[in-house]
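The lines below spell out each chain.
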Amino acid sequence: MSNKIFVIAEHLNGQVEDITYEMIGKAKEIGGEVITVLLGSGAQNLAADFGSDKVLYVDDAQLANFNPEAYCKTIVQLCHAHAPNIVLVGNTSQGMDIAAGVSVACDMPLVAYASDVTADTITSQLYGGKMSVSSHVADGRFIAAILAGAFDTEAGKGSGASIETADAPDLTGLKIQFKQLVAPEGGDVDITTQDVLVSVGRGIQNEDNLEIVQALADKLGGALSSSRPIVDSKWLPKTRQVGKSGLKVKPKVYIAVGISGAPEHIEGMKDAECIIAINTDPNAPIFDYAHYGVTEDLFDVVPALTDKL
Ligand SMILES: Cc1cc2nc3c(=O)[nH]c(=O)nc-3n(C[C@H](O)[C@H](O)[C@H](O)COP(=O)(O)OP(=O)(O)OC[C@H]3O[C@@H](n4cnc5c(N)ncnc54)[C@H](O)[C@@H]3O)c2cc1C
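In this report, we go over the structure that sits alongside the text. (Residues numbered from 1 in each chain as written. Predicted model: local features only at pLDDT ≥ 70, side-chain atom pairs only at ≥ 80, totals over all residues. Heavy atoms only, no water.)

Right, let's talk about the sheet that holds strand β16 (residues 292-294) for a bit. With parallel pairing, the 5 strands of this open sheet are ordered in space as β13-β12-β14-β15-β16. Each of the sheet's edge strands pairs with one partner strand only, and the pair in question is β13 (223-226) and β16. Sheet twist, expressed as the mean angle between neighbouring strand axes with direction ignored, is 20°. Two strands pair when backbone bridges link them, and strand β14 (residues 253-257) and strand β15 (residues 274-278) are joined in this way by 5 bridges, in the parallel orientation. Bridge pairing links alanine 256 to alanine 277 in β15. (Pairing = 2+ DSSP bridges. Helix = DSSP H or I, 4+ residues; strand = E, 2+ residues; numbered from the N terminus. Axes fitted to C-alpha atoms, helices over the stretch in contact; angles between N-to-C directions.)

What follows is the structure, encoded as structure tokens:
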């Protein structure tokens, strides 16, 4: 059997997504020939800092924007031509759009929600990280969908990967056509790039009380984020929501104020470097993830902390 690992590169608006580098770094650790598959149009320059052994680049106008059907067809053709034993895709909306199709067409089992991978075993995090499942693939031939934030991005960066171009398959008459990229409205803080986040949950009780957590965030030079009920109540915009149906964040410090720590919330913030929880309930699940915790009333702790700072 060949000892090749395909990493399916993800990019949007001319930017390579971090998950690509995370997967390249992991693939190098597994061992074998690491080949990054880059699909696009006029996008070869995106491969400049791929730390893989090789880049397989396919250029076609139909690949200029992400199109699951075009991507799937192209990756299947490359898999048939190069016979990788492992294919790594992001457990992202792009990755999950193509992974199942490639799995069926190439007869390779697909394991999703992967937080770790070796040559024959995939560890998946289910229920927002509450359950960890090991899948052993005896012949070491599989597709793994990797959770964003699971691995180091720097480990996947480098230079000097040889670039091999390959032809696209016939991409005429696709049933799926790219129409338009609808980007989220700008103008708000990008909580995914903040070093410090003060995140507020239902424990805050009402919209007016948000000012005490905003004051703490300001004092720390950070930004205010929240759990979903705060956004559902329209007290903060959707751009501030952390979690499964919000944004995944990885700040240096994450202060969870009046947040219980539901799996859907944890999924979005568990990779923060330092998690501090303020919650009156000592049994709140957030304390299973917090590095530091305070089991006191947030209306006492938050203003006192702001004053102290
Ligand atoms: C498909 C799906 C997707 C979802 N996506 C998301 C998501 O992206 N993000 C998200 O956050 N949720 C998401 N949820 C909702 C999630 O399941 C929880 O309902 C939500 O995270 C709970 O928010 P919370 O912790 O603010 O509220 P609660 O669970 O009500 O917790 C409030 C906490 O505040 C504490 N508290 C109360 N008063 C005080 C006080 N005075 N001082 C200190 N502590 C106090 C309480 O002890 C409690 O632990 C999703 C759910 C589903 C089904």
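As a matter of local geometry, the ligand sits amid 25 residues, with Ser227, Gln241, Ser245, Ser260 and Asn279 nearest to it. At 2.8 Å from a nitrogen atom of the ligand is found a main-chain nitrogen or oxygen belonging to valine 242. With the chains in place, 73% of the 990 Å² that the ligand exposes on its own is no longer accessible. Taken together, the elements giving at least two residues each to the shell around the ligand come down to α5 (228-232), α6 (263-269) and α7 (298-308). When grouped by side-chain class, the residues that make up the shell around the ligand number 6 nonpolar, 12 polar and 7 charged. (Near = heavy atom within 4 Å. Polar contact = N/O pair within 3.5 Å; in protein donor to acceptor, adjacent residues only side chain to side chain. Areas by Shrake-Rupley, 256 points an atom, 1.4 Å probe, with all protein chains shown as cover. Nonpolar A, V, L, I, M, F, W, Y, C, P; charged D, E, K, R; others polar.)

Let us look at the packing of aromatic side chains. Taken as a whole and assessed by the stated rule, the structure comprises 2 aromatic pairs. Centroid distance tyrosine 21 to phenylalanine 50: 6.0 Å. Interplanar angle 70°. Geometry classified as edge-to-face. In this pair, tyrosine 21 sits in helix α1 (residues 18-30) while phenylalanine 50 sits in the loop between β4 (33-40) and β5 (54-59), placing the two residues 29 residues apart along the sequence. Residue phenylalanine 50 is classed as buried on the basis of its relative accessible area of 1%. Judged by centre distance (4.8 Å) and plane angle (70°), the rings of phenylalanine 66 and tyrosine 71 are edge-to-face. Both residues of the pair, phenylalanine 66 and tyrosine 71, belong to the buried class. Above the ring of tyrosine 21, the side-chain terminus of lysine 157 is found at 4.9 Å from the ring centroid. (Phe/Tyr/Trp six-rings, centres within 6.5 Å; stacked < 30°, edge-to-face > 60°. Buried < 20%, exposed > 50% of the residue type's maximum accessible area, 1.4 Å probe, protein only. Lys NZ or Arg CZ within 6 Å of the ring centre and 35° of its normal.)

Another aspect to go through is α1. Helix length check: α1 (13 residues) gives 19 Å between terminal C-alpha atoms against 18 Å at 1.5 Å per residue, within 8%. Of all the residues in α1, the buried ones are Ile19, Thr20, Tyr21, Glu22, Met23, Ile24, Gly25, Lys26 and Ala27. Buried residues belonging to α1 abut β1 (4-8), β3 (15-16), β4, β6 (86-90), β7 (110-117) and β10 (142-146). Note on α1: the residue one or two positions beyond its end, glycine 31, has a positive phi of about 100°. (Expected span 1.5 Å × (residues − 1). Contact = heavy atoms within 4.5 Å.)

Turning to the side chain of serine 199, a few remarks are in order. Inspection of the secondary structure assignment puts serine 199 in strand β12 (residues 196-200). Of note is the side chain of serine 199, whose polar atom sits 3.3 Å from the backbone nitrogen of serine 226. Leave out the neighbours within four places in its chain, and serine 199 touches Ser225, Ser226, Val242, Tyr254, Ile255, Ala256, Val257, Ile259 and His265.

With that out of the way, let us pick up the pairing of β4. With 7 of 8 residues buried, β4 is to be regarded as a mostly interior element. Relative to β4, β1 runs parallel, the two sharing 5 bridges. Bridged to phenylalanine 6 within β4 is isoleucine 35. Two strands pair when backbone bridges link them, and β4 and β5 are joined in this way by 6 bridges, in the parallel orientation. Each residue of the ladder has a partner; that of isoleucine 35, found in β5, is lysine 54.

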